[in-house]
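Each chain is listed here by its residues.
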2 protein chains.
Amino acid sequence: MDECEKIVVDICRDAKKAARSMMTATSNVKNRTIATIAELIQSQKEHIQAENLKDIALGRENGLSEAMLDRLHLSDAAIDSMIKGLDEIVVLADPVGKVRELIRRPNGMMVGRMNVPLGVIGMIYESRPNVTVDAAVLCLKSGNSVILRGGSEAHHSNTALAALLQEALRQNNLNEKAIQVFPITDRKAIDILLKQEELVDLIIPRGGEGLIRYVSQNSRIPVLKHYKGVCHIYVDRLADLEKALPVILNSKIQRPGVCNALEGLLVHEEVAGEFLPMLITALRDAQVRVLGCSKAVALSEYIEKAKDSDWGTEFLDLCLTIKIVAGYPEAKEYIERYGSNHTECILTEDYSLAQKFIREIDASAVIVNASTRFNDGGQVGLGAEIGISTTKLHAYGPMGLEELTTRKFVVYGEGQVRD
Amino acid sequence: MDECEKIVVDICRDAKKAARSMMTATSNVKNRTIATIAELIQSQKEHIQAENLKDIALGRENGLSEAMLDRLHLSDAAIDSMIKGLDEIVVLADPVGKVRELIRRPNGMMVGRMNVPLGVIGMIYESRPNVTVDAAVLCLKSGNSVILRGGSEAHHSNTALAALLQEALRQNNLNEKAIQVFPITDRKAIDILLKQEELVDLIIPRGGEGLIRYVSQNSRIPVLKHYKGVCHIYVDRLADLEKALPVILNSKIQRPGVCNALEGLLVHEEVAGEFLPMLITALRDAQVRVLGCSKAVALSEYIEKAKDSDWGTEFLDLCLTIKIVAGYPEAKEYIERYGSNHTECILTEDYSLAQKFIREIDASAVIVNASTRFNDGGQVGLGAEIGISTTKLHAYGPMGLEELTTRKFVVYGEGQVRD
């Protein structure tokens, strides 16, 4: 075992040991610890920002893009929003120990399923240092240990935050190893982590598609992930076009760089003639580039002819494909071909078609008459999210605190034996 | 792509295509298909048994053990029990389409989570041909496609059953590719299957620990599994010893070869002197070999001194370890060291300790005052099970129909957009 392997395995062992005590920490203690974290971030703000500036300076030297540097930066606003996020997590219900129902079996035994922590969660992510605090606190609140492996470009920031997180654990008499940040940024350390299936229960990668594919192809530990969000809206023949316009604009424009933003619009041919001109005016005003099929191009000069490779592209930018379709079956076929199981939406006043769409479309969120941007943990009522899953095992869609737990069977007997 | 790879990939593609139509099949159609399967098994019984006899004869030639040949054999009783199992699955509730609750968000949107099929499930199992029918029907009822890869020693039996299962699908106008049996028994075909992460959603291996480890270390697809069941009972100082005796005997003796059978007993030192003599008498009558710690050996001549390697062994046989402990903390430590997260049980009348045990012990089923044999899908009320999971992701414990589904978010809006 070389030095790097030893470090990683020790971290995992310590995490597993800490997980045993975290499993039974009460909500009160966990909430007090989160409050301590918020206080420490406030009181150590200058130190954190000084360390963060080192990362920024190094990033600039290494030629990081302005967008990357922006994500890396812990501005006053970013720190305030981090603290606000912590306050929101404190008030969320703790899923641990919940038993939704107990049933009485014919032999008198009471049987239920109790939410319990998963154990040890490995987070592998890229530049944003705020993920360090977010992820740590969601894992803490759900009674898990967490191992955080952030990007090397945020190393100083993450190290400072790690020290603070562990101090908060110590102040509240919790095992400080429940939150650990990788001291090494060597990629090899990831490979070693991904093989600790006896010690780590779940890996959550967050970042670019390349990182996520790498993690999921090399992990022996279960991985919850989404590669990308290629989200569609189908504007049906019976859509309320006045409602449709703001929903489409919100889906595309409100935050184009995120996974639940709209990338492809499908429009029923019977309403395309009426709807597209007004839509295009609005899209042009918002400086959205539009790539369309031949029929769409024929309806507006603003629309550029789409290349084959444009369909199904995750632009993450002010760009949208528009295809005119003969009806729902063609829209469905298109979504099955180009969708990413992330978010799919229909705009229609047709009751039966809305029900059919909900039933038939396979995506982590299927939406009728509302923005695709609602596929988000906070928006669907989970309170917070650690990510969105487009894999179907364990969690499909936004993952909140409850998705960081599992359910064990509990049996209250009175001496029953099996026949 | 060589011939073997082409066959496997084609099977997976066909399965994925079939999964799309299975997703929306109604419970009525699925139940009628299961009834057809039962009728066909009855009417083709002679043919199935003739094919099964070919496997038995080959197995005998190849030197399979009598136990293996017994598991392989489709006797009249085995076929009757297969048909009875189908009738029981017909009456179970279909999980698909269920929305447990819809919540109304502050902006008026209704949000819920709908159970939907996982998609394509790969079953990899060993000799029992009844698993072919069981697994196929559970996947069918839960709206999934299934790819079945049984052991080469059951190849004739499985091929005959596959033809019958596909005939039932055709008779009910369902895509026959929703149930497919591997036509090749080459181990290489498993390796190829395990890499089809774009086409297959879940792998369930059932069989010996070697097979299961192989599958989980080589799969890019999520795997639900348990390696082994090393189940314990802790007899507390305040156990009702009259209840304790039948629970222990049932846990150990009723079916010693299965994963939820008792393997290790922990006895509080204050009751060991009173309890062990009567327990040992009963265990001796049942011809159970007993391996104990020095303190236990001192209490009964029948107990052999356990070797270090005996602790934590899954005997799957009439053999039991007994260790005398100073109390619950020592019992807990022992379970954490030697348990397999499968089934752990406490016998006590101490209310607070029972609650503590339920909360603190990490196993897929935690039982108070009842036999370990109750960790079973039928016994805990799932109706049927496709296996037991000791991995924590997605399912922990027995997996029934609902564990073969996932939950997508459904949103019923009226034009809402995000602020």
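Residues numbered from 1 in each chain as written. Chains lettered and ligands numbered in written order. Predicted model: local features only at pLDDT ≥ 70, side-chain atom pairs only at ≥ 80, totals over all residues. Heavy atoms only, no water.

## Re helix α9 (residues 209-218) of chain A
No. 1: Among the residues of α9(A), those classed as buried are A:L211, A:I212, A:V215 and A:S216. The arc enclosing the buried residues of α9(A), seen along the axis, measures out at 120 degrees, which places them on a common side. (Buried < 20%, exposed > 50% of the residue type's maximum accessible area, 1.4 Å probe, protein only. Helix = DSSP H or I, 4+ residues; strand = E, 2+ residues; numbered from the N terminus. Arc of directions from axis to C-beta.)

## Re the packing of aromatic side chains
The relative placement of two aromatic rings is captured by the distance of their centres and the angle of their planes.
Residues and elements named next belong to chain A.
No. 1: The tally for this structure, following the rule as stated, stands at six aromatic pairs over all chains.
No. 2: A ring pair is formed by W311 and Y334, whose centres lie 6.1 Å apart and whose planes are at 90 degrees; its orientation type is edge-to-face. Taken as a pair, W311 in the loop between β10 (304-305) and β11 (319-325) and Y334 in helix α13 (residues 328-338) lie far apart in primary sequence, 23 residues in all. Accessibility classification places W311 together with Y334 in one group, the buried group.
No. 3: Joined through ring pairs, the aromatic side chains of W311, Y334 and Y338 make up one cluster.
No. 4: Sitting over the ring of Y214, R187 keeps its end group 4.5 Å from the ring centre. (Phe/Tyr/Trp six-rings, centres within 6.5 Å; stacked < 30°, edge-to-face > 60°. Lys NZ or Arg CZ within 6 Å of the ring centre and 35° of its normal.)

## Thoughts on the packing of helix α2 (residues 27-43) of chain A against helix α5 (residues 76-91) of chain A
All names here are of chain A.
No. 1: Relative orientation of the contacting elements α2 and α5 amounts to 170 degrees, with a least axis distance of 9 Å. By the angle between their directions, the pair α2 and α5 is classed as roughly antiparallel. Both α2 and α5 take part in a crossing whose hand is left-handed. Here N31, I34, A35, I37, A38, I41 and Q42 of α2 lie close against α5, whose contacting residues are I79, M82, I83, L86, D87, I89 and V90.
No. 2: Split into classes, the residues belonging to the contact of α2 with α5 amount to 11 nonpolar, two polar and one charged. (Axes fitted to C-alpha atoms, helices over the stretch in contact; angles between N-to-C directions. Parallel < 35°, antiparallel > 145°, perpendicular 65-115°, else oblique. Left-handed = near helix turned anticlockwise from the far one by under 90°. Contact = heavy atoms within 4.5 Å. Nonpolar A, V, L, I, M, F, W, Y, C, P; charged D, E, K, R; others polar.)

## A look at the sheet that holds strand β3 (residues 120-125) of chain A
The strands making up a sheet associate through backbone hydrogen bonding, with each pair oriented either parallel or antiparallel.
All names here are of chain A.
No. 1: Across the sheet, four strands lie side by side as β5-β4-β3-β6; this open sheet has parallel pairing. Looking at the sheet topology across the chains shown, the edges are occupied by β5 (179-181) and β6 (202-206). Averaged over all pairs of adjacent strands, the angle between their axes in this sheet comes to 15 degrees, without regard to strand direction.
No. 2: Direction of pairing for β3 relative to strand β4 (residues 145-149): parallel, over a ladder of five bridges. Across the sheet, V120 pairs through a bridge with S145, a residue of β4.
No. 3: Running over the sheet, helix α1 (residues 3-22) touches β3, β4 and β5 and is turned about 150 degrees from β4.
No. 4: The sheet strands contacting helix α7 (residues 155-171) are β3 and β5, and the helix crosses β5 at an angle near 160 degrees. (Pairing = 2+ DSSP bridges.)

## Details of the sheet that holds strand β7 (residues 231-235) of chain A
No. 1: Taken together, the 10 strands give an open sheet; going across it, the order is β10(A)-β9(A)-β11(A)-β8(A)-β7(A)-β12(A)-β13(A)-β16(B)-β2(B)-β1(B), and neighbouring strands pair in mixed fashion. The sheet terminates laterally at β10 of chain A together with β1 (99-104) of chain B, the two strands that pair on one side only.
No. 2: Note that β1(B) and strand β2 (residues 110-117) of chain B share four bridges and pair antiparallel. Looking at the pairing, B:L102 lines up with B:G112 of β2(B).

## Considerations on the side chain of A:D55
Residue and element names in this part refer to chain A.
No. 1: Looking at where D55 falls in the secondary structure, it is placed in helix α3 (residues 45-61).
No. 2: We note that D55 is buried and unpaired, the nearest opposite charge coming from K54 at a distance of 8.6 Å.
No. 3: A distance of 3.0 Å separates polar atoms of two side chains, one belonging to D55 and the other to H156.
No. 4: When near neighbours in sequence (up to four residues on either side) are disregarded, D55 contacts L72, E153, A154, H155, H156 and S157. (Lys, Arg positive; Asp, Glu negative; His and termini not counted. Salt bridge = Lys/Arg side-chain N within 4 Å of Asp/Glu carboxyl O. Polar contact = N/O pair within 3.5 Å; in protein donor to acceptor, adjacent residues only side chain to side chain.)

## Overview of the pattern of salt bridges
No. 1: In the structure shown here, the tally under the stated rule is 52 salt bridges over all chains.
No. 2: Residue B:E176 pairs with B:R170 through a salt bridge whose shortest N-O separation is 2.3 Å.
No. 3: Under the relative-accessibility criterion, B:E176 is labelled partly exposed at 22%.
No. 4: For B:R170, a relative accessible area of 46% corresponds to the partly exposed category.
No. 5: Salt-bridge contacts for B:E209 lead to B:R213; the nearest nitrogen and oxygen are separated by 3.2 Å. Taken together, the positions of B:E209 and B:R213, both in helix α9 (residues 209-218) and four residues apart, correspond to about one turn of that helix.
No. 6: Each member of the salt-bridge network shares a partner with another, and the members are A:R20, B:K332, B:E336, B:K356 and B:E360.

## Details of the interface of chain A and chain B
No. 1: Counting from both sides, the interface comprises 73 residues of chain A and, opposite them, 73 residues of chain B.
No. 2: For the pairing of chain A and chain B, the buried interface totals around 6200 Å² over both sides, and the portion due to carbon and sulfur atoms is 54%.
No. 3: Among the residues chain A hides against chain B, the three largest losses belong to A:L393, A:F409 and A:R418. Together they make up 14% of the total.
No. 4: Along the contact surface separating chain A from chain B lie eight salt bridges.
No. 5: B:E198 is the partner of A:R213 in a salt bridge, and the nearest nitrogen-oxygen pair spans 3.4 Å.
No. 6: Our count for the chain A to chain B interface comes out at 43 residue pairs in polar contact (both at pLDDT 80 or more).
No. 7: Broken down by secondary-structure element, the contributors of at least two residues to the side of chain A that touches chain B are β1 (99-104), β2 (110-117), α9, α10 (241-253), α14 (351-360), β13 (365-370), β15 (397-399) and β16 (405-416) of chain A.
No. 8: If one sorts the elements of the side of chain A that touches chain B by residue count, β16(A) sits on top with 11 residues.
No. 9: For the side of chain A that touches chain B, the residue count by class is 31 nonpolar, 19 polar and 23 charged.
No. 10: The pairing of β13(A) with strand β16 (residues 405-416) of chain B spans five bridges and is parallel. Paired with A:V366 across the strands is B:V410, a residue of β16(B). (Buried area = accessible area lost by both parts, 1.4 Å probe.)

The quantities given are spatial measurements derived from coordinates; they are silent on function.
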